[in-house]
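Spelled out from the first residue to the last, the chains are:
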Amino acid sequence: MSGTKSFEISKHMVFEAYRRVAANKGAAGVDGQSIAQFEVGLKDNLYRLWNRMSSGSYLPSPVRMVEIPKPDGREVRVLGVPTVADRIAQTVAAMYLEPEAERVFHPDSYGYRPGRSALHAVGTCRQRCWRTDWVIDLDIQGFFDNLDHDLVLKAVEHHTDQRWIVLYVQRWLTAGLQHPDGTVAARDRGSPQGSAISPLLANLFMHYAFDSWMVREFPDVAFERYCDDAVVHCVSEQQAHHVRAAIATRLAECGGLRLHPDKTRIVYCKDAARREDFMHTSFTFLGYGFRSRMVRTKRGKFFFGFNPAISDAAAKGIRGQIRSWRLHHRSGSTLAELAREVNLVVRGWLHYYGRFHRSALQFSLNRINDYLVRWLVQKYKRFRGRWTRAREALRRAAQAFPRLFAHWAMVTP
(Lines give C-alpha, C1' and ligand atoms only; values in the text may rest on other atoms or scores of the structure.)
Protein backbone atom coordinates (compact mmCIF):
# COMPACT_ATOMS: atom_id res chain seq x y z
CA MET A 1 0.00 0.00 0.00
CA SER A 2 1.32 3.44 -0.86
CA GLY A 3 2.97 5.32 1.99
CA THR A 4 1.47 8.59 0.76
CA LYS A 5 -2.05 7.65 1.82
CA SER A 6 -3.56 9.49 4.77
CA PHE A 7 -5.24 6.37 6.19
CA GLU A 8 -4.20 2.72 6.29
CA ILE A 9 -7.19 0.81 4.91
CA SER A 10 -6.82 -2.75 3.67
CA LYS A 11 -7.76 -3.47 0.06
CA HIS A 12 -8.72 -6.97 1.21
CA MET A 13 -11.24 -5.46 3.66
CA VAL A 14 -12.76 -3.38 0.88
CA PHE A 15 -13.20 -6.50 -1.27
CA GLU A 16 -14.66 -8.48 1.64
CA ALA A 17 -17.07 -5.61 2.33
CA TYR A 18 -18.18 -5.71 -1.32
CA ARG A 19 -18.87 -9.45 -1.01
CA ARG A 20 -21.08 -8.87 2.03
CA VAL A 21 -22.99 -6.05 0.36
CA ALA A 22 -23.49 -8.13 -2.79
CA ALA A 23 -24.78 -11.08 -0.71
CA ASN A 24 -27.32 -8.80 1.00
CA LYS A 25 -28.46 -7.48 -2.39
CA GLY A 26 -30.50 -4.33 -1.80
CA ALA A 27 -31.85 -1.50 -3.94
CA ALA A 28 -29.99 1.22 -5.78
CA GLY A 29 -29.26 4.55 -4.12
CA VAL A 30 -29.64 8.09 -5.46
CA ASP A 31 -27.28 7.35 -8.38
CA GLY A 32 -29.56 4.58 -9.65
CA GLN A 33 -26.65 2.14 -9.77
CA SER A 34 -27.56 -1.44 -8.91
CA ILE A 35 -25.12 -4.02 -7.57
CA ALA A 36 -25.06 -5.67 -11.02
CA GLN A 37 -24.13 -2.35 -12.63
CA PHE A 38 -21.46 -1.72 -9.99
CA GLU A 39 -19.98 -5.11 -10.83
CA VAL A 40 -19.56 -4.26 -14.52
CA GLY A 41 -16.40 -2.32 -13.67
CA LEU A 42 -15.87 -4.01 -10.32
CA LYS A 43 -12.07 -3.85 -10.11
CA ASP A 44 -11.93 -0.17 -11.05
CA ASN A 45 -14.90 0.73 -8.85
CA LEU A 46 -13.40 -0.95 -5.77
CA TYR A 47 -9.97 0.59 -6.39
CA ARG A 48 -11.52 4.03 -6.80
CA LEU A 49 -13.45 3.63 -3.55
CA TRP A 50 -10.38 2.39 -1.66
CA ASN A 51 -8.29 5.23 -3.04
CA ARG A 52 -10.82 7.86 -1.97
CA MET A 53 -11.22 6.36 1.49
CA SER A 54 -7.46 6.02 2.00
CA SER A 55 -6.74 9.58 0.89
CA GLY A 56 -9.47 11.19 2.99
CA SER A 57 -11.31 12.52 -0.06
CA TYR A 58 -14.27 10.12 0.24
CA LEU A 59 -17.58 11.96 0.47
CA PRO A 60 -20.84 9.97 0.64
CA SER A 61 -23.81 10.70 -1.59
CA PRO A 62 -27.20 11.61 -0.10
CA VAL A 63 -29.31 8.62 0.91
CA ARG A 64 -32.50 7.84 -0.97
CA MET A 65 -35.61 8.12 1.20
CA VAL A 66 -38.00 5.17 1.14
CA GLU A 67 -41.13 4.99 3.30
CA ILE A 68 -42.21 1.54 4.51
CA PRO A 69 -45.63 1.17 6.17
CA LYS A 70 -45.48 -0.12 9.74
CA PRO A 71 -47.62 -3.14 10.70
CA ASP A 72 -50.29 -0.92 12.28
CA GLY A 73 -50.91 0.70 8.88
CA ARG A 74 -51.07 4.18 10.45
CA GLU A 75 -47.39 5.06 10.56
CA VAL A 76 -44.43 4.67 8.21
CA ARG A 77 -40.80 3.77 8.82
CA VAL A 78 -38.33 5.97 6.94
CA LEU A 79 -35.44 4.08 5.36
CA GLY A 80 -32.39 5.77 3.90
CA VAL A 81 -30.90 3.74 1.04
CA PRO A 82 -27.22 4.57 0.42
CA THR A 83 -25.51 3.98 -2.92
CA VAL A 84 -23.75 0.64 -3.45
CA ALA A 85 -20.34 2.31 -3.05
CA ASP A 86 -21.44 3.96 0.21
CA ARG A 87 -22.79 0.66 1.55
CA ILE A 88 -19.41 -0.94 0.85
CA ALA A 89 -17.57 1.94 2.57
CA GLN A 90 -19.87 1.68 5.61
CA THR A 91 -19.30 -2.06 5.78
CA VAL A 92 -15.53 -1.53 5.75
CA ALA A 93 -15.83 0.81 8.73
CA ALA A 94 -18.17 -1.59 10.54
CA MET A 95 -15.73 -4.47 10.00
CA TYR A 96 -12.97 -2.46 11.68
CA LEU A 97 -15.15 -1.10 14.49
CA GLU A 98 -17.31 -4.11 15.39
CA PRO A 99 -14.60 -6.29 17.03
CA GLU A 100 -13.67 -3.44 19.36
CA ALA A 101 -17.29 -2.76 20.31
CA GLU A 102 -18.10 -6.45 20.79
CA ARG A 103 -15.63 -6.60 23.68
CA VAL A 104 -17.83 -4.38 25.83
CA PHE A 105 -21.38 -5.03 24.60
CA HIS A 106 -23.82 -6.40 27.17
CA PRO A 107 -24.76 -10.10 26.89
CA ASP A 108 -28.45 -9.14 26.73
CA SER A 109 -27.96 -6.93 23.68
CA TYR A 110 -29.11 -9.17 20.83
CA GLY A 111 -29.64 -7.00 17.76
CA TYR A 112 -27.35 -7.30 14.72
CA ARG A 113 -24.57 -9.02 16.63
CA PRO A 114 -22.58 -12.12 15.65
CA GLY A 115 -23.81 -15.28 17.35
CA ARG A 116 -26.99 -13.63 18.64
CA SER A 117 -30.46 -13.36 17.17
CA ALA A 118 -33.99 -12.18 17.81
CA LEU A 119 -34.97 -15.75 18.72
CA HIS A 120 -32.32 -15.79 21.45
CA ALA A 121 -33.87 -12.61 22.85
CA VAL A 122 -37.40 -14.06 22.71
CA GLY A 123 -36.27 -17.27 24.42
CA THR A 124 -34.53 -15.40 27.24
CA CYS A 125 -37.51 -13.08 27.67
CA ARG A 126 -39.80 -16.10 27.92
CA GLN A 127 -37.79 -17.62 30.76
CA ARG A 128 -37.57 -14.36 32.68
CA CYS A 129 -41.31 -13.77 32.37
CA TRP A 130 -41.77 -17.05 34.23
CA ARG A 131 -39.52 -15.84 37.07
CA THR A 132 -40.71 -12.25 37.49
CA ASP A 133 -44.29 -10.96 37.51
CA TRP A 134 -43.91 -7.58 35.84
CA VAL A 135 -42.52 -6.28 32.56
CA ILE A 136 -41.80 -2.82 31.16
CA ASP A 137 -42.43 -2.97 27.42
CA LEU A 138 -40.22 -0.12 26.17
CA ASP A 139 -40.74 1.80 22.94
CA ILE A 140 -38.44 4.74 22.14
CA GLN A 141 -40.29 7.27 20.01
CA GLY A 142 -38.56 7.94 16.69
CA PHE A 143 -35.29 6.43 17.87
CA PHE A 144 -33.39 6.34 14.56
CA ASP A 145 -34.72 9.75 13.55
CA ASN A 146 -33.55 11.43 16.75
CA LEU A 147 -30.12 10.00 17.54
CA ASP A 148 -27.80 12.72 18.81
CA HIS A 149 -24.83 12.91 16.43
CA ASP A 150 -22.39 14.19 19.04
CA LEU A 151 -23.18 11.35 21.42
CA VAL A 152 -22.88 8.76 18.64
CA LEU A 153 -19.48 10.15 17.62
CA LYS A 154 -18.36 10.21 21.25
CA ALA A 155 -19.20 6.49 21.53
CA VAL A 156 -17.36 5.71 18.28
CA GLU A 157 -14.26 7.66 19.36
CA HIS A 158 -14.22 5.67 22.60
CA HIS A 159 -13.72 2.42 20.67
CA THR A 160 -11.31 3.27 17.88
CA ASP A 161 -8.10 5.17 17.28
CA GLN A 162 -8.71 5.13 13.52
CA ARG A 163 -9.33 8.76 12.59
CA TRP A 164 -10.88 7.82 9.25
CA ILE A 165 -13.67 5.86 10.94
CA VAL A 166 -14.70 8.86 13.05
CA LEU A 167 -14.38 11.18 10.03
CA TYR A 168 -16.55 9.05 7.76
CA VAL A 169 -19.13 8.21 10.44
CA GLN A 170 -19.61 11.94 10.86
CA ARG A 171 -20.07 12.34 7.11
CA TRP A 172 -22.55 9.47 6.92
CA LEU A 173 -24.57 10.87 9.81
CA THR A 174 -24.87 14.27 8.13
CA ALA A 175 -25.39 13.03 4.55
CA GLY A 176 -28.56 14.54 3.07
CA LEU A 177 -31.82 12.66 2.71
CA GLN A 178 -33.20 12.76 -0.84
CA HIS A 179 -37.00 12.79 -0.94
CA PRO A 180 -39.00 11.14 -3.75
CA ASP A 181 -39.47 14.55 -5.42
CA GLY A 182 -35.69 14.95 -5.69
CA THR A 183 -35.22 17.55 -2.96
CA VAL A 184 -32.42 16.88 -0.49
CA ALA A 185 -32.96 17.64 3.21
CA ALA A 186 -30.03 18.34 5.50
CA ARG A 187 -29.77 16.28 8.69
CA ASP A 188 -28.37 17.28 12.06
CA ARG A 189 -29.93 14.39 14.00
CA GLY A 190 -30.71 10.75 13.39
CA SER A 191 -29.32 7.88 11.36
CA PRO A 192 -31.90 6.56 8.87
CA GLN A 193 -32.40 2.81 8.92
CA GLY A 194 -31.04 1.12 5.83
CA SER A 195 -27.36 1.93 6.03
CA ALA A 196 -24.84 -0.82 6.66
CA ILE A 197 -23.38 0.85 9.73
CA SER A 198 -26.58 2.16 11.35
CA PRO A 199 -27.23 -0.97 13.48
CA LEU A 200 -23.71 -0.85 14.94
CA LEU A 201 -23.99 2.87 15.66
CA ALA A 202 -27.38 2.31 17.31
CA ASN A 203 -25.96 -0.47 19.48
CA LEU A 204 -23.01 1.69 20.51
CA PHE A 205 -25.34 4.53 21.45
CA MET A 206 -27.71 2.28 23.40
CA HIS A 207 -24.84 0.52 25.14
CA TYR A 208 -23.97 3.75 26.91
CA ALA A 209 -27.44 5.31 27.03
CA PHE A 210 -29.19 2.19 28.35
CA ASP A 211 -27.25 -1.08 28.86
CA SER A 212 -24.29 0.08 30.95
CA TRP A 213 -26.53 2.59 32.75
CA MET A 214 -28.97 -0.19 33.73
CA VAL A 215 -26.09 -2.30 35.04
CA ARG A 216 -24.89 0.64 37.10
CA GLU A 217 -28.24 1.90 38.41
CA PHE A 218 -30.33 -1.29 38.55
CA PRO A 219 -27.89 -4.24 38.69
CA ASP A 220 -30.61 -6.69 39.79
CA VAL A 221 -33.07 -5.79 37.02
CA ALA A 222 -32.80 -8.02 33.94
CA PHE A 223 -33.60 -6.89 30.41
CA GLU A 224 -33.39 -7.96 26.77
CA ARG A 225 -32.61 -5.37 24.11
CA TYR A 226 -32.75 -5.75 20.35
CA CYS A 227 -31.43 -2.44 18.98
CA ASP A 228 -34.04 0.10 20.21
CA ASP A 229 -36.63 -2.51 21.26
CA ALA A 230 -36.33 -3.59 24.91
CA VAL A 231 -38.13 -5.49 27.64
CA VAL A 232 -37.30 -4.93 31.32
CA HIS A 233 -38.28 -7.44 34.04
CA CYS A 234 -39.38 -6.27 37.49
CA VAL A 235 -40.44 -8.06 40.66
CA SER A 236 -43.28 -5.69 41.55
CA GLU A 237 -45.55 -3.06 40.04
CA GLN A 238 -43.95 -0.44 42.28
CA GLN A 239 -40.48 -1.31 41.01
CA ALA A 240 -41.73 -1.25 37.41
CA HIS A 241 -43.07 2.30 37.79
CA HIS A 242 -39.84 3.44 39.45
CA VAL A 243 -37.58 1.92 36.79
CA ARG A 244 -39.76 3.21 33.95
CA ALA A 245 -39.55 6.77 35.27
CA ALA A 246 -35.78 6.49 35.69
CA ILE A 247 -35.36 5.19 32.13
CA ALA A 248 -37.46 8.07 30.77
CA THR A 249 -35.24 10.56 32.58
CA ARG A 250 -32.08 8.84 31.36
CA LEU A 251 -33.17 8.84 27.71
CA ALA A 252 -34.15 12.50 27.93
CA GLU A 253 -30.61 13.22 29.09
CA CYS A 254 -29.23 11.34 26.08
CA GLY A 255 -30.12 13.76 23.33
CA GLY A 256 -33.75 14.30 24.28
CA LEU A 257 -35.05 10.83 23.44
CA ARG A 258 -38.57 10.05 24.64
CA LEU A 259 -40.46 6.91 25.56
CA HIS A 260 -43.56 6.55 23.40
CA PRO A 261 -46.44 7.55 25.70
CA ASP A 262 -48.88 4.99 24.27
CA LYS A 263 -46.60 2.09 23.30
CA THR A 264 -44.48 1.98 26.46
CA ARG A 265 -46.48 -0.02 28.98
CA ILE A 266 -46.17 -1.83 32.28
CA VAL A 267 -47.47 -5.39 31.86
CA TYR A 268 -48.55 -7.97 34.41
CA CYS A 269 -47.42 -11.47 33.34
CA LYS A 270 -50.69 -13.14 34.27
CA ASP A 271 -50.88 -16.94 34.23
CA ALA A 272 -52.46 -19.78 36.22
CA ALA A 273 -50.58 -18.81 39.39
CA ARG A 274 -50.81 -15.03 38.96
CA ARG A 275 -54.43 -14.00 39.22
CA GLU A 276 -54.37 -10.30 39.92
CA ASP A 277 -56.32 -7.96 37.64
CA PHE A 278 -54.33 -5.37 35.72
CA MET A 279 -54.87 -3.14 32.71
CA HIS A 280 -52.16 -4.73 30.54
CA THR A 281 -51.53 -8.49 30.58
CA SER A 282 -49.80 -8.94 27.22
CA PHE A 283 -47.07 -7.38 25.12
CA THR A 284 -45.36 -7.85 21.76
CA PHE A 285 -41.62 -8.32 21.35
CA LEU A 286 -39.84 -9.02 18.06
CA GLY A 287 -42.94 -10.31 16.31
CA TYR A 288 -44.02 -12.54 19.20
CA GLY A 289 -47.07 -11.89 21.36
CA PHE A 290 -46.51 -12.70 25.05
CA ARG A 291 -49.65 -13.54 27.05
CA SER A 292 -51.33 -16.25 29.05
CA ARG A 293 -51.78 -19.34 26.85
CA MET A 294 -52.99 -22.89 27.27
CA VAL A 295 -49.91 -25.11 27.56
CA ARG A 296 -49.71 -28.89 27.50
CA THR A 297 -47.13 -30.67 29.65
CA LYS A 298 -45.17 -33.76 28.56
CA ARG A 299 -47.58 -35.82 30.66
CA GLY A 300 -50.57 -34.51 28.72
CA LYS A 301 -51.92 -32.12 31.34
CA PHE A 302 -52.98 -28.56 30.45
CA PHE A 303 -52.39 -25.32 32.33
CA PHE A 304 -52.22 -21.59 31.61
CA GLY A 305 -48.69 -20.24 31.26
CA PHE A 306 -47.29 -16.87 30.15
CA ASN A 307 -45.74 -17.72 26.80
CA PRO A 308 -44.87 -16.27 23.39
CA ALA A 309 -46.44 -17.13 20.04
CA ILE A 310 -46.61 -15.33 16.73
CA SER A 311 -48.21 -11.93 17.31
CA ASP A 312 -51.55 -10.98 15.78
CA ALA A 313 -49.83 -8.29 13.67
CA ALA A 314 -47.21 -10.73 12.36
CA ALA A 315 -49.88 -13.35 11.55
CA LYS A 316 -51.92 -10.73 9.71
CA GLY A 317 -48.80 -9.79 7.75
CA ILE A 318 -48.25 -13.42 6.75
CA ARG A 319 -51.82 -13.77 5.53
CA GLY A 320 -51.47 -10.53 3.59
CA GLN A 321 -48.33 -11.80 1.85
CA ILE A 322 -50.03 -15.11 1.03
CA ARG A 323 -52.93 -13.18 -0.47
CA SER A 324 -50.52 -11.05 -2.54
CA TRP A 325 -49.13 -14.18 -4.24
CA ARG A 326 -52.52 -14.67 -5.94
CA LEU A 327 -51.86 -18.37 -6.34
CA HIS A 328 -55.39 -19.06 -7.54
CA HIS A 329 -54.73 -17.00 -10.68
CA ARG A 330 -51.55 -18.91 -11.59
CA SER A 331 -53.25 -21.54 -13.72
CA GLY A 332 -50.29 -21.60 -16.09
CA SER A 333 -48.01 -22.93 -13.36
CA THR A 334 -47.68 -26.47 -12.06
CA LEU A 335 -48.06 -27.40 -8.41
CA ALA A 336 -44.29 -28.02 -8.19
CA GLU A 337 -43.56 -24.57 -9.66
CA LEU A 338 -45.82 -22.90 -7.11
CA ALA A 339 -44.09 -24.84 -4.33
CA ARG A 340 -40.63 -23.72 -5.45
CA GLU A 341 -41.73 -20.09 -5.46
CA VAL A 342 -43.32 -19.99 -1.99
CA ASN A 343 -41.26 -22.50 -0.01
CA LEU A 344 -38.28 -20.24 0.62
CA VAL A 345 -40.51 -17.65 2.31
CA VAL A 346 -42.60 -20.23 4.16
CA ARG A 347 -39.51 -21.97 5.53
CA GLY A 348 -38.40 -18.63 6.93
CA TRP A 349 -41.75 -18.23 8.69
CA LEU A 350 -41.54 -21.75 10.09
CA HIS A 351 -37.98 -21.22 11.29
CA TYR A 352 -38.74 -17.95 13.06
CA TYR A 353 -42.36 -18.06 14.20
CA GLY A 354 -42.37 -21.82 14.67
CA ARG A 355 -39.78 -21.76 17.44
CA PHE A 356 -42.31 -21.01 20.19
CA HIS A 357 -45.93 -22.24 20.28
CA ARG A 358 -45.66 -23.50 16.71
CA SER A 359 -49.33 -24.43 16.43
CA ALA A 360 -50.27 -20.72 16.40
CA LEU A 361 -49.00 -20.62 12.80
CA GLN A 362 -51.50 -23.16 11.55
CA PHE A 363 -54.41 -20.81 10.93
CA SER A 364 -52.34 -18.44 8.77
CA LEU A 365 -50.48 -21.14 6.84
CA ASN A 366 -53.72 -22.96 6.07
CA ARG A 367 -54.59 -20.00 3.86
CA ILE A 368 -52.05 -21.37 1.38
CA ASN A 369 -54.09 -24.56 1.14
CA ASP A 370 -57.26 -22.53 0.57
CA TYR A 371 -55.64 -20.73 -2.35
CA LEU A 372 -54.29 -24.00 -3.76
CA VAL A 373 -57.82 -25.42 -3.76
CA ARG A 374 -58.95 -22.33 -5.68
CA TRP A 375 -56.00 -22.86 -8.03
CA LEU A 376 -57.22 -26.41 -8.77
CA VAL A 377 -60.74 -25.16 -9.47
CA GLN A 378 -59.41 -22.50 -11.86
CA LYS A 379 -56.94 -24.78 -13.63
CA TYR A 380 -58.99 -27.96 -14.18
CA LYS A 381 -62.50 -28.02 -15.60
CA ARG A 382 -63.38 -31.22 -13.75
CA PHE A 383 -63.22 -29.29 -10.48
CA ARG A 384 -65.34 -26.31 -11.54
CA GLY A 385 -67.93 -25.79 -8.82
CA ARG A 386 -66.73 -28.94 -7.03
CA TRP A 387 -64.79 -27.53 -4.11
CA THR A 388 -64.96 -30.66 -1.95
CA ARG A 389 -63.48 -32.78 -4.75
CA ALA A 390 -60.75 -30.20 -5.33
CA ARG A 391 -59.77 -30.20 -1.66
CA GLU A 392 -59.74 -34.01 -1.66
CA ALA A 393 -57.43 -33.97 -4.69
CA LEU A 394 -55.08 -31.57 -2.90
CA ARG A 395 -55.17 -33.84 0.16
CA ARG A 396 -54.15 -36.84 -1.98
CA ALA A 397 -51.29 -34.79 -3.45
CA ALA A 398 -50.11 -33.96 0.05
CA GLN A 399 -50.21 -37.62 1.02
CA ALA A 400 -48.26 -38.64 -2.07
CA PHE A 401 -45.72 -35.80 -1.85
CA PRO A 402 -45.72 -34.63 1.80
CA ARG A 403 -42.57 -32.52 1.38
CA LEU A 404 -43.67 -30.70 -1.77
CA PHE A 405 -44.87 -27.64 0.18
CA ALA A 406 -42.95 -26.64 3.30
CA HIS A 407 -46.09 -25.86 5.28
CA TRP A 408 -47.51 -29.36 4.72
CA ALA A 409 -45.22 -30.52 7.52
CA MET A 410 -47.67 -28.96 9.98
CA VAL A 411 -50.85 -28.05 8.00
CA THR A 412 -52.12 -30.73 5.65
CA PRO A 413 -55.03 -29.87 3.33
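To be clear, the structure that these remarks concern was listed above.
These lines cover the structure that appears in this document, whether it is placed above or below. Predicted, not measured: the structure shown is a model, and the values here were computed from it.

1. Remarks on helix 3 (residues 42–55)
Argument step 1. The end-to-end C-alpha distance of helix 3, which contains 14 residues, comes to 20 Å, matching closely the 20 Å that a straight helix rising 1.5 Å per residue would cover.
Argument step 2. If you check which residues of helix 3 are buried, you get N45, L46, L49, W50, M53 and S54. Viewed end-on, helix 3 has its buried residues packed into an arc of 160 degrees, placing them on one side of the element.
Argument step 3. Where helix 3 is buried, its residues touch helix 1 (11–24), helix 2 (35–40), helix 4 (84–102) and helix 7 (163–174).
Argument step 4. Positive phi shows up at G56, right after helix 3, with a value of about 90 degrees.

2. Points about the side chain of N45
Argument step 1. With respect to the helices, strands and loops of the structure, N45 is situated in helix 3.
Argument step 2. Among residues more than four places away in sequence, those in contact with N45 are Q33 and F38.

3. Observations regarding the sheet that holds strand 10 (residues 283–285)
Argument step 1. Taken in spatial order, the three strands make up an open sheet running 10-11-12, and their pairing is antiparallel. Unpaired on one side and paired on the other, strand 10 and strand 12 (302–310) mark the two borders of the sheet. Neighbour-to-neighbour, the strand axes of the sheet open up by a mean angle of 50 degrees, direction not taken into account.
Argument step 2. Pairing of strand 10 with strand 11 (residues 288–296) involves three bridges; the strand directions are antiparallel. Bridge pairing links F283 to F290 in strand 11.

4. Focus: the pairing of strand 11
Argument step 1. Between strand 10 and strand 11, which pair antiparallel in sequence order, lie two residues; one of them, L286, sits at a positive phi of approximately 55 degrees.
Argument step 2. Sheet topology note: the strand 11/strand 12 ladder contains nine bridges and is antiparallel. Pairing of M294 across the sheet is with F304, part of strand 12.

The rules behind each value
Residues numbered from 1 in each chain as written. Predicted model: local features only at pLDDT ≥ 70, side-chain atom pairs only at ≥ 80, totals over all residues. Heavy atoms only, no water. Helix = DSSP H or I, 4+ residues; strand = E, 2+ residues; numbered from the N terminus. Expected span 1.5 Å × (residues − 1). Buried < 20%, exposed > 50% of the residue type's maximum accessible area, 1.4 Å probe, protein only. Arc of directions from axis to C-beta. Contact = heavy atoms within 4.5 Å. Pairing = 2+ DSSP bridges. Axes fitted to C-alpha atoms, helices over the stretch in contact; angles between N-to-C directions.

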